[in-house]
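A structural walkthrough
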Amino acid sequence: MLVMTIGELARRAGVGVETVRFYQRRGLLGEPPRRPGSRRLYTDEHLKVLRFIRRCKGLGFPLKDIAPLVHLRNARSRGCGRLHEMVTQAIHVLDAKKQVIEMRRAALSKMLDGCPASGHLADCGVLAALEE
């Protein structure tokens, strides 16, 4: 079993030491016991959990939803219905964000159509549209 200090754990997971401590305070990552007169030593399981958390964050899960995901990760004998619900909800959130981004892009494109890209700013349709 691999054992490492908090600094080594953070480096291997691609996060800062303060991030590790933050996740511990939030209850996302267990803290190993401290041996008398020594530092805490983290295991490869801690590293796996940190990488799991980073992957969830990278997929857009908010921190409030990552704790239940970590819990589900540790309860593999349970059914996957709750996990399916959470991923489905995350997809709906992403779809809504995508729709907003597409609407903003369309609005910006329409503004750009009103800009001759030459001449004076006083004649620029983009500025006029932004002032509406």
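First, a word on scope: everything that follows refers to the structure included in this document.

Cut-offs used in this document
- Residues numbered from 1 in each chain as written.
- Predicted model: local features only at pLDDT ≥ 70, side-chain atom pairs only at ≥ 80, totals over all residues.
- Heavy atoms only, no water.
- Disulfide = S-S within 2.5 Å.
- Buried < 20%, exposed > 50% of the residue type's maximum accessible area, 1.4 Å probe, protein only.
- Helix = DSSP H or I, 4+ residues; strand = E, 2+ residues; numbered from the N terminus.
- Contact = heavy atoms within 4.5 Å.
- Phe/Tyr/Trp six-rings, centres within 6.5 Å; stacked < 30°, edge-to-face > 60°.
- Lys NZ or Arg CZ within 6 Å of the ring centre and 35° of its normal.
- 1 Å grid on protein atoms, 1.4 Å probe; cavity = no way out; pocket = protein on both sides within 12 Å on 5 of 7 lines; lining within 4 Å.
- Points joined across faces, edges and corners; volume = space filled by probe spheres on them.
- Nonpolar A, V, L, I, M, F, W, Y, C, P; charged D, E, K, R; others polar.

A closer look at the state of the cysteines
- Tallied over the full model, the rule gives zero disulfides.
- No disulfide involves Cys 80; its sulfur sits 15 Å from that of Cys 56, the nearest cysteine.
- Look at Cys 80 and you get exposed, because its relative accessible area is 58%.

Section: the side chain of Gln 24
- Note that Gln 24 resides in helix H2 (residues 17-25).
- By relative accessible area, which is 12% here, Gln 24 ends up buried.
- Residues within four places of Gln 24 in sequence aside, it is in contact with Leu 29, Gly 30, Glu 31, Pro 32 and Tyr 42.

Considering the packing of aromatic side chains
- Applying the stated criterion across every chain yields a total of one aromatic pair.
- Seen in terms of ring centroids, Phe 22 and Tyr 23 are 5.9 Å apart; in terms of plane orientation they differ by 55°. Their pairing is tilted.
- Here Phe 22 falls in the partly exposed class, since its relative accessible area comes to 31%.
- Looking at Tyr 23, the relative accessible area reads 4%, which means it is buried.
- The cationic tip of Arg 73 hangs over the ring face of Phe 52; the distance from NZ or CZ to the ring centre is 5.7 Å.

Focus on the layout of surface pockets
- What the largest pocket holds in volume is close to 180 Å³.
- Looking at the largest pocket, it is lined by 13 residues, and the ones nearest its centre are Phe 61, Pro 62, Asp 65, Ala 90 and Val 93.
- Counting residues per element, the ones that place at least two in the lining of the largest pocket are helix H4 (63-73) and helix H5 (81-113).
- Tallying contributions element by element places H5 first for the lining of the largest pocket, with seven residues.
- A breakdown of the residues in the lining of the largest pocket according to their chemical character gives seven nonpolar, two polar and four charged.
- Looking at the second largest pocket, its volume works out to about 160 Å³.

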